[in-house]
Amino acid sequence: MLPSSGFTRPRGVDEVNDINALAVGLTFGVTAIVTMGVLQASKYWRIMDVPNERSAHSTPTPTLGGIAISAGIAAGLLTTDVPGTWLWPLLLTLCVLLVSVVDDLGRPMRVGRKLLLQLAASGTWVGLAPSMPIQLTQDWVLASGPATAVLTIVWLLWLMNMFNFMDGIDGLTTSQATVMSLGLSLVLVMTASPIAVLPVVMIPACLCFLLFNAPPARIFMADVGSLSLGFLLGTVTLTAAAHGVSLWLSALPLAGYAIDTSYTIFRRLLRRENVLQAHNQHLYQQLVQSGWSQLQVDGAALVISASFSCAALFELSGQHILSGVCMAMAVLGMGAGLWWKERRSRG
């Protein structure tokens, strides 16, 4: 069980500079090359996301971009000093999630099969990665065992689905994953996490893909990308929670996505709607339908996630007033958006 006092000595933000420059450059390069390759392959074999009444895009757009994100991150990780006991479970789980490419090839997977795939991915991680305690709060730590294994699977399932739900407009999830990874990379340098380099490697992969995915998107990441990013960020938050950072605090950079997803599901349950059925009721979707450009929505979401990330970093460094200010800004922003959404739905 971890000491309730958390981490003892911050490693310092300066240690980010010690990350292998080859890993960052290789990640960007591999992501770029594979993205261009799958873009051409998607066009050649007409593997397209054809717009429907719920779509934010108006023309058929190539998919399979998530393969490039996963390939770039995998290539970068292979050049780092991440211990094999952590590296290979990460890579094998990403390989499991590649099966979701079936859905992107125009053969939609049923909800049950998607869930089984996500369970297989989560189970692969839990079964192969070293067991970890989970620090839920400063004073409440779950020792590694069956309870933490179940919590880990539930946590990863939630984040994979959350990112899948929120990947609905050009550039949103790619830009969000970038700022979330940046925030979490700064959180992890304050810990002894064995995969502290992971969010740093995710940044160039997401930034590179954003060059192709920014509005108007030339290619989508689709299920492979959204599920993989959700899984990877889930493992980052869990390993932070195993090394002195409370889970709620390590997950704070992801709070914008969590609030939109949770609120939307809750409201649909209240209306007795099928929460497993595709819809366009998320806040970001409603903003686009009301006339906001996709770029404007992406920008607003970035401000929200950056504010939540800063709140976490200031809290970890003991600057509680600044943390509160950032938290208040983010919560007020989300609250205003959800209030507007409610007024619009009733009007």
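The notes below deal with the structure included here.

Next up on the list: the overall build of the protein chain. Per the secondary structure count, the protein chain includes 14 helices and four strands. Expected size for 347 residues packed as a compact globule is a radius of gyration near 20 Å; at 19 Å, the protein chain falls within 12% of this value. When its C-alpha atoms are laid out on the principal axes, the protein chain stretches across 55 × 45 × 35 Å. By the burial criterion, 51% of the 347 residues in the protein chain qualify as buried.

Moving on, we get to the pattern of salt bridges. On inspection of all chains with the given rule, the structure shows six salt bridges. A salt bridge links Asp223 to Lys114; the nearest nitrogen and oxygen atoms lie 3.0 Å apart. A residue pair is termed long-range when its members are at least 10 positions apart, and Asp223 in helix H9 (residues 222-241) and Lys114 in helix H5 (residues 111-128) qualify at 109 residues. Residue Glu342 pairs with Arg267 through a salt bridge whose shortest N-O separation is 3.0 Å. In this pair, Glu342 sits in helix H14 (residues 320-346) while Arg267 sits in helix H11 (residues 255-270), placing the two residues 75 residues apart along the sequence. Salt bridges here are not isolated pairs; linked through shared partners, they connect Asp103, Lys114 and Asp223.

With that settled, consider unusual backbone geometry. With an omega of -10°, the peptide bond between Pro215 and Pro216 qualifies as cis. Secondary-structure assignment places Pro216 in the loop between helix H8 (198-213) and H9. Its identity as a non-glycine residue notwithstanding, Ala222 has a phi of 55°, on the positive side. Its place among the elements puts Ala222 in helix H9. With a phi angle near 60°, Arg272 is a residue other than glycine that sits in the positive phi range. Here Arg272 is to be found in the loop between H11 and helix H12 (283-289).

What follows covers the packing of helix H2 (residues 65-78) against H8. Between H2 and H8, the shortest axis-to-axis distance is 9 Å and the interhelical angle comes to 145°. Our pair here, H2 against H8, has a crossing hand that is right-handed. Contact with H2, carried on its side by Gly65, Ile69, Ile73, Gly76 and Leu77, involves Leu198, Val201, Met202, Ala205 and Phe209 of H8 and no other residues of that element. Taken together, the residues of the contact of H2 with H8 break down into eight nonpolar, two polar and no charged.

Here we take up helix H13 (residues 294-316). End to end, H13 covers 33 Å across 23 residues, agreeing with the expected 33 Å (1.5 Å per residue, within 8%). In the stretch just after H13, Gly318 is the one whose phi turns positive, near 85°.

For the rest of this paragraph, the subject is the packing of aromatic side chains. As enumerated under the stated definition, the model contains four aromatic pairs in all. Between the aromatic rings of Trp86 and Trp125, the centroid separation amounts to 6.0 Å while the plane-to-plane angle is 45°, which identifies the pairing as tilted. Here Trp86, found in helix H3 (residues 84-97), pairs with Trp125, found in helix H5; they are 39 residues apart in sequence, far enough to count as distant. Judged on exposure class, the residue Trp86 and its partner Trp125 are both buried. Cluster of aromatic residues (ring-pair linked, three or more members): Trp86, Trp125 and Phe231.

Under the defined criterion, the tally for this structure stands at zero disulfides. Free cysteine Cys208: the closest other cysteine sulfur is in Cys206, separated by 10.0 Å. By relative accessible area, Cys208 is classed as buried at 1%. Here Cys326 stays free of any disulfide, with the sulfur of Cys310 as its closest cysteine sulfur at 4.9 Å.

The next point concerns the side chain of Gln118. Relative to the elements of secondary structure, Gln118 occurs in helix H5. Overall, the relative accessible area of 3% leaves Gln118 in the buried class. For Gln118, the residues in contact, after removing those within four places along its chain, are Leu157, Met160, Asn161 and Leu227.

Conventions adopted
- Residues numbered from 1 in each chain as written.
- Predicted model: local features only at pLDDT ≥ 70, side-chain atom pairs only at ≥ 80, totals over all residues.
- Heavy atoms only, no water.
- Helix = DSSP H or I, 4+ residues; strand = E, 2+ residues; numbered from the N terminus.
- Rg over C-alpha atoms; globule rule 2.2 N^0.38 Å.
- Buried < 20%, exposed > 50% of the residue type's maximum accessible area, 1.4 Å probe, protein only.
- Salt bridge = Lys/Arg side-chain N within 4 Å of Asp/Glu carboxyl O.
- Axes fitted to C-alpha atoms, helices over the stretch in contact; angles between N-to-C directions.
- Left-handed = near helix turned anticlockwise from the far one by under 90°.
- Contact = heavy atoms within 4.5 Å.
- Nonpolar A, V, L, I, M, F, W, Y, C, P; charged D, E, K, R; others polar.
- Expected span 1.5 Å × (residues − 1).
- Phe/Tyr/Trp six-rings, centres within 6.5 Å; stacked < 30°, edge-to-face > 60°.
- Disulfide = S-S within 2.5 Å.

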